[in-house]
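# Observations on the model geometry
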Amino acid sequence: DTAVSQTPKYLVTQMGNDKSIKCEQNLGHDTMYWYKQDSKKFLKIMFSYNNKELIINETVPNRFSPKSPDKAHLNLHINSLELGDSAVYFCASSRTGSSSSYTFGSGTRLTVV
Amino acid sequence: DQQVKQNSPSLSVQEGRISILNCDYTNSMFDYFLWYKKYPAEGPTFLISISSIKDKNEDGRFTVFLNKSAKHLSLHIVPSQPGDSAVYFCAASPITSGTYKYIFGTGTRLKVLA
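A quick note: this is a predicted structure, and the numbers were derived from the prediction, not measured. (Residues numbered from 1 in each chain as written. Chains lettered and ligands numbered in written order. Predicted model: local features only at pLDDT ≥ 70, side-chain atom pairs only at ≥ 80, totals over all residues. Heavy atoms only, no water.)

### Remarks on the sheet that holds strand 3 (residues 19-25) of chain B
Residue and element names in this part refer to chain B. Defined as follows: Note: two strands are recorded as paired if DSSP finds a minimum of 2 bridges between them. Each helix is a run of H or I in the DSSP string that is no shorter than four residues. Each strand is a run of E no shorter than two, and both are numbered from the N terminus.
Spatial strand order, 1-3-8-7-6: five strands in an open sheet with antiparallel pairing. For this open sheet the edge positions go to strand 1 (4-5) and strand 6 (56-59), each flanked by a neighbour on one side alone. Note that strand 6 and strand 7 (residues 62-67) share four bridges and pair antiparallel. Residue pairing in the sheet places Asn-57 in a bridge with Val-64 of strand 7.

Here is the structure:
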């Protein structure tokens, strides 16, 4: 009964491949996010969806495409993977207008070789 | 441009003593601040928050202090326990139309020695 679950937990793939990471939350939140933690440990926001609508889209290569089929799911598809995409990707969710915390998933460690 | 900075990558403290973790920010538009705790192979978990209208918020052993003029916040843990050993992130967000977009620092690894 994990609140925010991401799959897979680990992903190793070759350059040039296309891969997807899935995220689901069962908290009834209406806003979901993708964050990237790179090798320097920066946690940077990539995207945010509110009720399936994109509300935050940071400067991210358009090889990254989020998709939200419903407000409980936010998937991240990455085309033509590059070495620099190697990072830990965290999904999170929150309630609109709530100043309090995000609830994070446990992360997906992506390694591009 | 790193808007939220945690200049100490690591900190070691004896069990029972106070741990003080620091965070500086550059954007005066930030209105809300959070501290997260992260264990290895897990996502960050929320610890404590403070809004810009306050200068202190306390929750059990955890207290966050905000100095807006210095653009500085700190997390105090008293007394420190071995289970507090983790990476601590501060995060800050402006409030724009009810939307929060948190920017995180790079974290401070706290080790509490038994």
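### Observations concerning the state of the cysteines
All names here are of chain A. Heads up, the rule is: Criterion for a disulfide: a pair of cysteine sulfur atoms at a distance within 2.5 Å. Exposed residues in this analysis have more than 50% of their type's maximum accessible area, buried residues have under 20%, and partly exposed residues fall in between, with area computed by a 1.4 Å probe over protein chains only.
Tallied over the entire structure, the rule returns two disulfides over all chains. Here Cys-23 engages in a disulfide with Cys-91; their sulfurs sit 1.8 Å apart. Judged by the torsion about the S-S bond (-80°), the Cys-23/Cys-91 disulfide is left-handed. Within this pair, whereas Cys-23 is found in strand 3 (residues 19-25), its partner Cys-91 is found in strand 9 (residues 87-94), the two being separated by 68 residues in sequence. Judged on exposure class, the residue Cys-23 and its partner Cys-91 are both buried.

### Some details on the pattern of salt bridges
Keep this limit in mind: Salt bridges, as used here, are contacts in which a Lys or Arg side-chain nitrogen is within 4 Å of a carboxyl oxygen on Asp or Glu.
According to the stated counting rule, one finds six salt bridges over all chains in the structure shown. With a closest N to O distance of 4.0 Å, B:Lys37 and B:Asp84 form a salt bridge. Here the residue B:Lys37 occupies a position in strand 4 (residues 32-38), and B:Asp84 occupies one in the loop between strand 8 (72-77) and strand 9 (86-93), the gap between them amounting to 47 residues. The class of B:Asp84 is buried, set by a relative accessible area of 2%. Look at the salt bridges and you will find they share partners, linking A:Arg63, A:Glu82 and A:Asp85 into a network.

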